[in-house]
Amino acid sequence: MRTWLLLCSLAFATSSHAETIRLSDGTTLDVEAFEIRDRVVIFTTIDGELRSIPRELFAGIASGGPSVSRLIERAGLKRLIDDIAGTAQHAASG
């Protein structure tokens, strides 16, 4: 049951940040989603705001994005993961 809860929570945490986009000046933006339409890039910020920029300012999708550990911390799952690891270690040893 705990493992299922962990997987569901992690899926929710990772879905809350879909992409990191890179602008032509090197700036990166964490976004929920984005779409390129003709000469405009439309995106939803992680705060849920709908924004747009001219297409020429968009350089692409930034590699990397947030690490899984950062997403876990953001979602408050670190304690749950530690509890599950401790329970699994205890079960394996005895």
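Structure: see above.
The structure displayed is predicted, hence computed values, not measured ones.

Visitor: With reference to specific residues and values, describe the overall build of the chain.
Guide: When helices and strands are counted, the chain shows three helices and five strands. Mapped in sequence order, the helices and strands of the chain form the string α-β-β-β-β-β-α-α. Expressed as a percentage of its 94 residues, the buried residues of the chain come to 22%. A fraction of 42% describes how many contacts in the chain between residues 6 or more apart in sequence connect residues 24 or more apart. On the chain, roughly 6600 Å² of surface is accessible, and the fraction owed to carbon and sulfur atoms is 55%.

Visitor: I'd like a description of the pairing of strand β3 (residues 40-45), backed by residues and values.
Guide: Side chains of β3 alternate between two faces, with Val-41, Phe-43 and Thr-45 buried and Val-40, Ile-42 and Thr-44 left unburied. Pairing between strand β2 (residues 28-37) and β3: six bridges, direction antiparallel. Note on β3: the bridge partner recorded for Glu-35 is Ile-42. Where β2 folds back onto β3 in an antiparallel hairpin, the turn is made up of two residues, including Asp-38, whose phi is positive at roughly 50°. Two elements, β3 and strand β4 (residues 50-54), share five bridges in a ladder whose sense is antiparallel. For Phe-43, the partnering residue across the bridge sits in β4 and is Arg-51.

Visitor: Which residues make up the pattern of salt bridges, and what values do they have?
Guide: What the rule picks out here adds up to two salt bridges. Between Glu-35 and Arg-37 there is a salt bridge whose closest N-O contact spans 2.9 Å. For Arg-51, the salt bridge goes to Glu-49, with nearest N and O atoms at 2.3 Å. Taking the relative accessible area as the measure of exposure, Arg-51 reaches 42% and is therefore partly exposed. Look at Glu-49 and you get partly exposed, because its relative accessible area is 37%.

Visitor: Can you tell me about the sheet that holds β2, naming the residues and giving the values?
Guide: Here five strands make up an open sheet; going across it, the order is β4-β3-β2-β1-β5 and the pairing antiparallel. Every interior strand has two partners, whereas the edge strands, β4 and β5 (58-61), have only one. Strand-to-strand twist in this sheet, taken as the mean axis angle between neighbours without regard to direction, amounts to 45°. Pairing between strand β1 (residues 19-23) and β5: three bridges, direction antiparallel. For Arg-22, the partnering residue across the bridge sits in β5 and is Gly-60.

What counts as what
- Residues numbered from 1 in each chain as written.
- Predicted model: local features only at pLDDT ≥ 70, side-chain atom pairs only at ≥ 80, totals over all residues.
- Heavy atoms only, no water.
- Helix = DSSP H or I, 4+ residues; strand = E, 2+ residues; numbered from the N terminus.
- Buried < 20%, exposed > 50% of the residue type's maximum accessible area, 1.4 Å probe, protein only.
- Contact = heavy atoms within 4.5 Å.
- Areas by Shrake-Rupley, 256 points an atom, 1.4 Å probe, with all protein chains shown as cover.
- Pairing = 2+ DSSP bridges.
- Salt bridge = Lys/Arg side-chain N within 4 Å of Asp/Glu carboxyl O.
- Axes fitted to C-alpha atoms, helices over the stretch in contact; angles between N-to-C directions.

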